Amino acid sequence: DFRCYTLPGRRRIEQWAAGFADGLSRSTASPETAATLQASRALGELLKEPLEDHSGKSRLLVVAEGKLLLTPFAAIQVANRRGVFHYLIDSWETSMLPSAQAGIQLLRRGRERTAPSRGIAVLADPVFRADDERVAVRPAAAREAPGPAATGGYARLPFTRLEANAILSLKPSKSDLSALDFAANVRTAKSELGAYRIVHFSTHAYIDAQHPESSGLELSMVDRNGKEEDGMLRLPAIIATPLHADLVVLSGCETAAGREVRTEGILGLTQGFVYAGAQQVVSSLWPVEEFGTRELMTRFYSALILRGLKPAAAMRAAQLSMRGTKAWAPPAAWASFLVYGISR
C-alpha cells in the first residue's frame, strides 16, 4: 500500500539526525548523553506511527536524503504503545537505499546476473611503511632519503589480521582468498575480486567529500623489498572494477561518508562498489575502534555464513549480540555499520 505521514520541516529533522549521529560517534565506550538521547527519541517519534501501522513486518528499507543518509537507524529509540522506549533494532532489520528506483534496479540486477563461483576474498593488514618489520630488504637509498612510505603514512592495523583469520576460519574453503600483508594491494583488488561472492576490506579509508574521486581504500604502499608503490584504491578504479559480489564489506573508519548528491545518495566508496556490481555494501558512519570492529565482524560473519542469514538480518543479529554484552552495550559500539542495497 501507500501511506503519507506529516513530518516537521527538513531543518528540524536534519538537526536531530546530525545531533544523534555526532553524539554517538563521540561516545563509543559510554552511554548516550542527554542531548543524543533527546535527538534519538525525537527521530523515533517520527517513525512511531508508520512502524505501528506496519507492525507485522520485520524488514525496513530506508530511502533517505540529507543528514538521514548518515543516520544509524538501528540505534534510534522508539516508544511503544505503553510508552516504553526500545531500539529500532529490537524489532526491525534495516538497510539503506539511495532511492526507490535504485532498489528496483538492484533487484533486477540480482535476478539477471550469474552468481560468482568463489567464496570469500579478504584483503587485510596491508603494509603501509618501509620501516614495517615485514619488509625484508630496506634499500640504502630509502634509509638515506626516505620517501613518504618509509617512516610516515598510516600505522599498521594488527587487529585486521585477526579479523580476517576469524572470518576465513568460520567455514574454510579452497575457493577463498586470503590477501594479507603485501598481497593486500591494488593489483589484487583490481584483478582478482570479480569471481568472489563476498569481498571484505579491512583497512584505512581516505574520504574527500569535496572531491570524492580522490577517496579510496588504503592498501599496501610498499613491496616486500621496501620499494614504494601506489597503495590507494581510488573511487574511479573501484567503479571500473567488474564485481559480481553479493556483498562487499568495508571494515574501516567512516567508509559510508562522501558527498551528498540529491536523489542519488552519497557519492563515495559505498556507491562506488554498488556501481561496480556489488549487490549490497556494509560500511561505517564514524571512526571505529579496531578491537570492537573485529568483534562485530566476527559475529556478523557467523550469522551470515554459519546461520545462512541475509546481510541485513546478519548485521541485526551481530548488533543485538554486541548490545547484550556489558563491554559493547552502548550503541556507539555497535551501531556504526549500515547495510546498503537489497538482497535477491
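Analysis parameters
Residues numbered from 1 in each chain as written. Predicted model: local features only at pLDDT ≥ 70, side-chain atom pairs only at ≥ 80, totals over all residues. Heavy atoms only, no water. Phe/Tyr/Trp six-rings, centres within 6.5 Å; stacked < 30°, edge-to-face > 60°. Helix = DSSP H or I, 4+ residues; strand = E, 2+ residues; numbered from the N terminus. Buried < 20%, exposed > 50% of the residue type's maximum accessible area, 1.4 Å probe, protein only. pLDDT = per-residue confidence, 0-100. Contact = heavy atoms within 4.5 Å. 1 Å grid on protein atoms, 1.4 Å probe; cavity = no way out; pocket = protein on both sides within 12 Å on 5 of 7 lines; lining within 4 Å. Points joined across faces, edges and corners; volume = space filled by probe spheres on them. Nonpolar A, V, L, I, M, F, W, Y, C, P; charged D, E, K, R; others polar. Core = buried A, V, L, I, M, F, W, Y, C linked by side-chain atoms within 4.5 Å. Expected span 1.5 Å × (residues − 1). Pairing = 2+ DSSP bridges. Lys, Arg positive; Asp, Glu negative; His and termini not counted. Salt bridge = Lys/Arg side-chain N within 4 Å of Asp/Glu carboxyl O. Axes fitted to C-alpha atoms, helices over the stretch in contact; angles between N-to-C directions. Parallel < 35°, antiparallel > 145°, perpendicular 65-115°, else oblique. Left-handed = near helix turned anticlockwise from the far one by under 90°.

## Regarding the packing of aromatic side chains
Using the criterion set out here, one finds six aromatic pairs in the structure. A centroid spacing of 5.6 Å and a plane angle of 90 degrees characterise the contact between Y87 and W334, whose relative ring orientation is edge-to-face. Placement of the pair is Y87 in strand β3 (residues 85–87) and W334 in the loop between α11 (311–323) and β15 (337–341), with a sequence separation of 247 residues. Just as Y87 is buried, W334 falls in that class too. An angle of 55 degrees between the planes, with centres 5.8 Å apart, marks the rings of F128 and Y154 as tilted. Placement of the pair is F128 in the loop between β5 (118–126) and α4 (140–144) and Y154 in the loop between α5 (148–151) and α6 (158–168), with a sequence separation of 26 residues. An aromatic cluster of three or more residues is present, and its members are F159, F291 and W328.

## A look at the confidence of the model for the chain
Across the chain, the average pLDDT comes to 90, with 94% of residues at 70 or higher. Note on residues 141–151: pLDDT is under 50 here. Beyond four places in sequence and across chains, it has 17 contacts.

## Quick notes on empty space enclosed by the protein
Counted according to the given criterion, the structure contains three cavities of 30 Å³ or more. Counting only elements with at least two residues in the lining of the largest cavity, the list comes to β13 (265–268), α9 (269–276) and β15. For the lining of the largest cavity, the element with the highest residue contribution is α9, accounting for three residues. Among the residues forming the lining of the largest cavity, the class breakdown is nine nonpolar, four polar and no charged.

## Comments concerning the nonpolar core
General note: in soluble globular proteins, nonpolar side chains tend to be found buried as a group. Grouped together as the largest cluster of nonpolar side chains are 59 residues, with contacts concentrated most on V282, F300, Y301, L304 and W334. Discounting chain neighbours no more than four positions away, the residues touching L304 are I198, L247, L309, K310, P311 and A314. Of all hydrophobic cores here, the second largest spans 29 residues; its members include L123, V248, A276 and I342.

## Regarding helix α1 (residues 10–25)
Look at α1: 22 Å from first C-alpha to last across 16 residues, which is about the 22 Å you get at 1.5 Å a residue. Of all the residues in α1, the buried ones are I13, E14, W16, A17, F20, A21, G23 and L24. Those residues of α1 that are buried lie in contact with α2 (34–53).

## Digging into the sheet that holds strand β10 (residues 232–234)
In spatial order, the strands read β8-β9-β10; together these three strands make up an open sheet with antiparallel pairing. Each end of this open sheet is capped by a strand with a single partner; those strands are β8 (205–206) and β10. Both strand β9 (residues 216–218) and β10 contribute to a ladder of three bridges, which runs antiparallel. Across the sheet, the residue bridging to E218 is M232, located in β10.

## What to know about the layout of surface pockets
Of the pockets and cavities examined, the largest pocket occupies roughly 1,200 Å³. Taken together, 32 residues make up the lining of the largest pocket; nearest its centre are L47, L60, L61, V62 and V63. Sorting the residues of the lining of the largest pocket by element identifies α1, α2, β1 (59–63) and α3 (100–112) as the ones contributing at least two each. Estimates place the volume of the second largest pocket at around 430 Å³. Lining the second largest pocket are 18 residues; nearest its centre among them are A21, K67, L70, A257 and L285. Elements supplying a minimum of two residues to the lining of the second largest pocket: α1 and β12 (258–261). Here the lining of the second largest pocket gets five residues from one element, more than from any other, and that element is α1.

## Some thoughts on the side chain of R294
Take R294: it is sitting in helix α10 (residues 290–306). No salt bridge is formed by the buried R294, whose closest oppositely charged neighbour, E295, lies at an N-O distance of 4.4 Å. Every residue in contact with R294, bar those within four places of it in the chain, is listed here: F159, L162 and E163.

## Observations concerning the pairing of strand β14 (residues 280–284)
Of all five residues that make up β14, five are buried, and the element is covered over most of its length. Of the two faces of β14, the one holding Q280, V282 and S284 and the one holding V281 and S283 are both buried throughout. Bridge analysis of strand β11 (residues 247–251) against β14 gives three bridges, and the strand direction is parallel. What sits directly across from V248, in β14, is V281. Of the pairings in the sheet, the one linking β14 to β15 comprises five bridges and is antiparallel in character. By the bridge assignment for β15, Q280 is matched with G341.

## What to know about the packing of α1 against α2
Here α1 crosses α2 at 135 degrees, and the two axes come no closer than 8 Å. Considering the angle they form, α1 stands oblique to α2. In the crossing of α1 with α2, the sense of the turn from one axis to the other is left-handed. Along its contact with α1, which presents I13, W16, A17, G19, F20, G23 and L24, the element α2 presents T36, A39, S40, A42, L43 and L46.

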